[in-house]
Amino acid sequence: MNEHDAIRELLPLAAAGALDEREQRRVDEHLAACTVCAGELERWWALEQSLRRLPTPQAPALLVERTRMRIRAELLERAERTVNPWLMGFLVMFSWTLALATWPVLRWLGGGSSSGQFLGTDFGLDRSWLAFAGYTLAGWVVGGVAALAMAVRHVATRRTT
């Protein structure tokens, strides 16, 4: 592309006053020597002045409100997509940690510590194992209920948008 063509591409921006100082200086220098580009710039200025006289279109209020509601819903959905995996991970880790941390207490209450098997390396189905299984099952049920509640909330949020 030669210099003349490059300047011609800048003329609409020059008419709108959107050029930086260096580009404007370059256009001005070219216009001093080129009457074709000077005439084209005059036409761009006339078009720019005509466009300024046109009324500014206004969006209908209902359209603006619907757009705001969709944006708000999209932002809420993005926030949920960010929070939900972390919350689910926390709930799972919390239930596992709670189950593992209470295992020694359940073994002790079940009499497992007197035989020297504090961490439960004997796999007999005594009372402490059944208590641990019930406790673990309760932890998983609580995690499942929390996941179900989050899913219901997510579906309800999507229906309102």
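Notes on the structure follow. (Residues numbered from 1 in each chain as written. Predicted model: local features only at pLDDT ≥ 70, side-chain atom pairs only at ≥ 80, totals over all residues. Heavy atoms only, no water.)

### Topic: the overall build of the protein chain
Next, step 1: Helices and strands together make up the secondary structure of the protein chain, namely five helices and zero strands.
Next, step 2: Sequence-ordered secondary structure for the protein chain, helices as α and strands as β, is α-α-α-α-α.
Next, step 3: The buried share of the protein chain, reckoned over its 161 residues, is 20%.
Next, step 4: Of all intrachain contacts in the protein chain linking residues separated by at least 6 positions in sequence, the fraction that spans at least 24 positions is 52%.
Next, step 5: Surface exposure of the protein chain reaches about 12,100 Å², of which carbon and sulfur atoms provide 67%. (Helix = DSSP H or I, 4+ residues; strand = E, 2+ residues; numbered from the N terminus. Buried < 20%, exposed > 50% of the residue type's maximum accessible area, 1.4 Å probe, protein only. Contact = heavy atoms within 4.5 Å. Areas by Shrake-Rupley, 256 points an atom, 1.4 Å probe, with all protein chains shown as cover.)

### A short note on the nonpolar core
Next, step 1: One finds Ile7, Leu10, Leu11, Ala14, Ala15, Leu19, Val27, Leu31, Cys34, Cys37 and Leu41 forming the largest nonpolar core, which totals eleven residues.
Next, step 2: Listed by contribution, the elements that provide at least two residues to this core are helix H1 (3–16), helix H2 (21–33) and helix H3 (35–53).
Next, step 3: Examining the composition of this core, we find that five residues originate from one element, H1, more than from any other.
Next, step 4: When sequence neighbours within four positions are dropped, the list of residues in contact with cysteine 37 reads His4, Arg8, Leu11, His30 and Leu31. (Core = buried A, V, L, I, M, F, W, Y, C linked by side-chain atoms within 4.5 Å.)

### Observations regarding the packing of aromatic side chains
Next, step 1: The full count for this structure, using the stated rule, is one aromatic pair.
Next, step 2: Look at phenylalanine 90 and phenylalanine 94: their rings are 5.9 Å apart centre to centre, the planes differ by 20 degrees, and that puts the pair in the stacked class. Of the two residues, phenylalanine 90 and phenylalanine 94 both sit in helix H4 (residues 61–109), four residues apart, roughly one turn of that helix.
Next, step 3: Look at phenylalanine 90 and you get exposed, because its relative accessible area is 52%.
Next, step 4: Judged by relative accessible area, phenylalanine 94 falls into the partly exposed class, the value being 45%. (Phe/Tyr/Trp six-rings, centres within 6.5 Å; stacked < 30°, edge-to-face > 60°.)

### Some points on the layout of surface pockets
Next, step 1: There is about 210 Å³ of room inside the largest pocket.
Next, step 2: If you go around the largest pocket, you meet 15 residues; those closest to its centre are Phe94, Ser95, Leu98, Gly139 and Trp140.
Next, step 3: Where the lining of the largest pocket is concerned, the elements lending two or more residues are H4 and helix H5 (127–160).
Next, step 4: Sort the elements by how many residues they give to the lining of the largest pocket and H5 lands first, with eight residues.
Next, step 5: In terms of residue class, the lining of the largest pocket is made up of eleven nonpolar, four polar and no charged. (1 Å grid on protein atoms, 1.4 Å probe; cavity = no way out; pocket = protein on both sides within 12 Å on 5 of 7 lines; lining within 4 Å. Points joined across faces, edges and corners; volume = space filled by probe spheres on them. Nonpolar A, V, L, I, M, F, W, Y, C, P; charged D, E, K, R; others polar.)

### Details of H3
Next, step 1: Look at H3: 27 Å from first C-alpha to last across 19 residues, which is about the 27 Å you get at 1.5 Å a residue.
Next, step 2: Buried residues of H3: Cys37, Glu40, Leu41 and Glu48, and no others. Buried residues of H3, viewed axially, fall in a sector of 105 degrees; they line one side. Exposed residues lying more than 90 degrees from the buried face of H3 are Thr35, Arg43 and Arg53.
Next, step 3: As for H3, its buried residues are in contact with H1 and H2. (Expected span 1.5 Å × (residues − 1). Arc of directions from axis to C-beta.)

### A few points about the packing of H1 against H2
Next, step 1: In the contact formed by H1 and H2, the axes pass within 10 Å of each other and the chain directions differ by 115 degrees. The hand of the H1/H2 crossing is left-handed. Taking contact as the criterion, the partners of Glu3, His4, Ala6, Ile7, Leu10, Leu11 and Ala14 in H1 are, on H2, Glu23, Gln24, Arg26, Val27, His30 and Leu31.
Next, step 2: Within the contact of H1 with H2, the residues separate by chemical class into seven nonpolar, three polar and three charged. (Axes fitted to C-alpha atoms, helices over the stretch in contact; angles between N-to-C directions. Left-handed = near helix turned anticlockwise from the far one by under 90°.)

### As for H2
Next, step 1: The end-to-end C-alpha distance of H2 is 19 Å, a good match for the 18 Å that 13 residues give at a rise of 1.5 Å each.
Next, step 2: Among all positions of H2, only Val27, His30 and Leu31 are buried. The arc that holds every buried residue of H2, seen down its axis, measures 100 degrees, which confines them to one face. Facing away from the buried surface of H2 by more than 90 degrees, the exposed residues are Glu21, Arg22, Glu29, Ala32 and Ala33.

In short, shape yes, function no, at least from these values alone.
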